[in-house]
Amino acid sequence: LLSLLWVCLSLWAQAAGAAELKLVFFSIGQGDAALIVSPTGKRVLIDGGPPEGTPALLAGLARYVPDQIDLIVLSHPHLDHLGGLKRVVDNPAVPVKMFLDGAFPSTSPPYQSLLTLLRTKGIPVKQALLGRKIDLGDAAVVLVGDLAAAMPR
């Protein structure tokens, strides 16, 4: 069932005249955490790795995120993808502007705790609906798509 619900992020920047788009993968152990820095300097964190990877994630973010995270994307609510996000969201020195939820239902305590923290901090939570576009400026766009539909047959 989950394979039918996969959501992917597609990023593109207009080749002519676009500034550099950076993609940083954090070494956080078993799990995922990546940062996109758009040509206009917007920062998008995709997943937060496992709890034990949180110190490495926070160190990496301190290097690449000087003032705020414009968007956090949670691909799905498994602990190896959301384990470090609570500490990221709870950091007053680097506020989070928006949260994009992968729209996979879960009653896991870490996921529910993260959602509660987002509500408490007043951070808008949007669902990753197919076709949703988030403009990062200078022709860079986050597009929520269907990974299965995008794969060649």
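Description of the structure in this document. Here the structure is a predicted model, which means the values were calculated and not measured. (Residues numbered from 1 in each chain as written. Predicted model: local features only at pLDDT ≥ 70, side-chain atom pairs only at ≥ 80, totals over all residues. Heavy atoms only, no water.)

**Description of unusual backbone geometry**
Under the convention used in this document: In this scheme, a residue with accessible area under 20% of its type's maximum is buried, one over 50% is exposed, and one in between is partly exposed, where area comes from a 1.4 Å probe on protein chains only. Comment: elements are numbered from the N terminus, with helices defined as DSSP H or I runs of at least four residues and strands as E runs of at least two.
For aspartate 47, which is not glycine, the phi dihedral falls at a positive 65°. We classify aspartate 47 as buried; its relative accessible area is 3%. The backbone of alanine 103 sits at a positive phi, close to 65°, despite the residue not being glycine. Position of alanine 103 among the secondary structure elements: in the loop between β6 (99–101) and α4 (109–121).

**Here's the deal with the pairing of strand β5 (residues 71–74)**
Inclusion rule: Strands pair, by our definition, only if DSSP identifies at least two bridges between them. The handedness rule is simple: strands pointing away from the viewer, and a clockwise path from the first strand over the helix to the second, make the crossover right-handed.
On β5, burial covers both faces: Leu71 and Val73 on one face and Ile72 and Leu74 on the other are all buried. Two elements, strand β4 (residues 43–46) and β5, share three bridges in a ladder whose sense is parallel. Considered in β5, the bridge of valine 44 is made with leucine 71. Tracing the backbone out of β4, into helix α1 (residues 54–64) and back to the parallel element β5 gives a crossover that is right-handed.

**Considerations on the packing of aromatic side chains**
This is how the line gets drawn: A pair of aromatic rings is counted whenever rings of Phe, Tyr or Trp (Trp by its six-membered ring) have centres within 6.5 Å, and the orientation is called stacked for planes under 30 degrees apart, edge-to-face for over 60 and tilted otherwise.
Throughout the structure, instances matching the rule amount to one aromatic pair. Between phenylalanine 26 and tyrosine 64 the ring centres are 6.5 Å apart and the planes differ by 65°, which places this aromatic pair in the edge-to-face class. Note that phenylalanine 26 is positioned in the loop between β2 (22–25) and β3 (34–37) and tyrosine 64 in helix α1, a separation of 38 residues in sequence.

**Observations regarding the sheet that holds β3**
Keep this limit in mind: Here the axes come from fitting lines to C-alpha atoms, over the contacting stretch only for helices, and the angles between their N-to-C directions go from 0 to 180 degrees. By definition in these notes, contact holds between two residues if any of their heavy atoms fall within 4.5 Å.
The strand order across the open sheet built from six strands is β2-β3-β4-β5-β6-β7, with neighbouring strands paired in mixed fashion. Looking along the sheet, the strands with just one partner apiece sit at the ends: β2 and β7 (125–127). Averaged over all pairs of adjacent strands, the angle between strand axes in this sheet comes to 20°, irrespective of strand direction. Across the sheet, α1 lies against β2, β3 and β4, angled at about 165° from β4, the strand it touches most. Lying over the sheet, α4 contacts β5, β6 and β7, oriented at roughly 145° with respect to β6.

**Let's talk about the environment of aspartate 135**
For clarity, the threshold we go by: Between N or O atoms, a polar contact is any pair within 3.5 Å; within protein, one atom must be a potential hydrogen donor and the other a potential acceptor, and residues adjacent in sequence are included only when both atoms are from side chains.
With respect to the helices and strands, aspartate 135 occurs in strand β8 (residues 133–137). Through-space distance from the C-alpha of aspartate 135 to that of lysine 42 is 9.7 Å; in sequence the pair is 93 residues apart. When residues no more than four places from it in sequence are discounted, the contact partners of aspartate 135 are Lys42, Ala140 and Val141. At a separation of 2.8 Å, a polar atom in the side chain of aspartate 135 contacts the main-chain amide nitrogen of glycine 137.

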